[in-house]
Amino acid sequence: QAQYVESGGDLVQPGGSLNLSCTCPGCFGSANALGWYRQAPGKQREWVAGISLRASTRKYADSVRGRFTISRDNAKGMVYLQMDRLTPEDTAVYYCNVVRDMLSMSSRGDWGQGTQVTVAS
């Protein structure tokens with residue numbers, strides 16, 4: 001069972017940047033695509049970005065494309081989300097997870113605690 005530990009969330013002003021990190025012992029030992037998801041207050045969890053095992057494929061939600069960059073370091077067992085030009089609409093708890101299907105971006109589940117990102121002036 002994967003255990004996700006997300007970090008890097010913070011309070012940031014609009015236009016600012018954050019870099020989220022996630023470690024997941026047990027996620028990197030097999031051919032797993034990984035992704036970032038987020039859940040804003042009162043809304044359903046949504047996918048944000050996904051990356052294939054060798055990073056040959058990266059996928060972004062329309063709302064973040066061009067502002068967010070997903071990356072991974074398989075040797076370190078880490079996945080990252082660089083977030084630039086943040087807006088208040090990006091405020092949410094961010095989670096990482098194994099991606100079961102890069103087409104639908106469905107996740108495996110077993111969510112971690114997530115990391116809170118708040119964008120406000």
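J.: Requested: an account of the sheet that holds strand 7 (residues 68-73), with residues and values cited.
T.: Taken together, the four strands give an open sheet; going across it, the order is 1-3-8-7, and neighbouring strands pair in antiparallel fashion. Taken across any chain shown, the strands that pair with only one partner, and hence form the sheet edges, are strand 1 (5-7) and strand 7. Adjacent strand axes in the sheet meet at a mean angle of 15° when their direction is disregarded. Here strand 7 pairs with strand 8 (residues 78-83) via six bridges, running antiparallel. If you follow Phe-68 over to strand 8, its bridge partner there is Met-83.

J.: Tell me about the pairing of strand 3 (residues 18-23), and name the residues and values.
T.: The pairing of strand 1 with strand 3 spans three bridges and is antiparallel. By the bridge assignment, Val-5 is partnered in strand 3 with Thr-23.

J.: I'd like a description of unusual backbone geometry, backed by residues and values.
T.: With the exception of glycine, the majority of residues adopt a negative phi angle, and the majority of peptide bonds are in the trans configuration. For Arg-85, which is not glycine, the phi torsion reads 50° and is therefore positive. Looking at where Arg-85 falls in the secondary structure, it is placed in the loop between strand 8 and strand 9 (92-101). Positive phi, close to 60°, is recorded for Met-105, a residue that is not glycine. Along the polypeptide, Met-105 turns up in the loop between strand 9 and strand 10 (106-107).

J.: Can you break down the nonpolar core residue by residue, with the values?
T.: Taken as a class, soluble globular proteins show a tendency for nonpolar side chains to be buried jointly. Counting residues in each nonpolar core, the largest one holds 28 residues, and the members touching the most others are Trp-36, Leu-81, Met-83 and Tyr-94. Secondary structure elements with two or more residues in this core: strand 3, strand 4 (33-39), strand 5 (46-51), strand 7, strand 8, strand 9 and strand 11 (115-119). Residues in contact with Leu-81, not counting those within four places in the same chain, are Leu-18, Asn-19, Leu-20, Trp-36, Val-48, Ala-49, Phe-68, Thr-69, Ile-70 and Tyr-94. Counting residues in hydrophobic clusters, the runner-up holds five residues, among them Ala-33, Tyr-37, Val-99 and Met-105.

J.: Lay out the pairing of strand 4 in plain terms, naming residues and giving numbers.
T.: Burial analysis of strand 4 places six of its seven residues in the buried class, the great majority of the element. Relative to strand 9, strand 4 runs antiparallel, the two being bridged by seven bridges. If you follow Gln-39 over to strand 9, its bridge partner there is Val-93. Between the end of strand 4 and the start of strand 5, which pair antiparallel, lie six residues, with Gly-42 showing a positive phi angle near 75°.

J.: Please provide a residue-by-residue account of the packing of aromatic side chains, values included.
T.: Tallied over the full model, the rule gives two aromatic pairs. Taken together, a centroid distance of 5.3 Å and an interplanar angle of 80° make the contact between Tyr-37 and Trp-111 edge-to-face. Here the residue Tyr-37 occupies a position in strand 4, and Trp-111 occupies one in the loop between strand 10 and strand 11, the gap between them amounting to 74 residues. Judged by its relative accessible area of 29%, Trp-111 falls in the partly exposed class. Centroid distance Tyr-95 to Trp-111: 5.6 Å. Interplanar angle 70°. Geometry classified as edge-to-face. With Tyr-95 in strand 9 and Trp-111 in the loop between strand 10 and strand 11, this residue pair connects regions lying 16 residues apart in the sequence. Residue class for Tyr-95 comes out buried when judged on its relative accessible area of 11%. The structure contains a cluster of three or more aromatic residues connected by ring pairs, namely Tyr-37, Tyr-95 and Trp-111. One residue, Arg-45, lies across the ring of Trp-111, its end atom 3.8 Å from the ring centre. Across from the ring centre of Trp-47, 5.5 Å away, lies the NZ or CZ of Lys-59, which sits over that ring.

Rules used throughout
Residues numbered from 1 in each chain as written. Predicted model: local features only at pLDDT ≥ 70, side-chain atom pairs only at ≥ 80, totals over all residues. Heavy atoms only, no water. Pairing = 2+ DSSP bridges. Helix = DSSP H or I, 4+ residues; strand = E, 2+ residues; numbered from the N terminus. Axes fitted to C-alpha atoms, helices over the stretch in contact; angles between N-to-C directions. Core = buried A, V, L, I, M, F, W, Y, C linked by side-chain atoms within 4.5 Å. Buried < 20%, exposed > 50% of the residue type's maximum accessible area, 1.4 Å probe, protein only. Contact = heavy atoms within 4.5 Å. Phe/Tyr/Trp six-rings, centres within 6.5 Å; stacked < 30°, edge-to-face > 60°. Lys NZ or Arg CZ within 6 Å of the ring centre and 35° of its normal.

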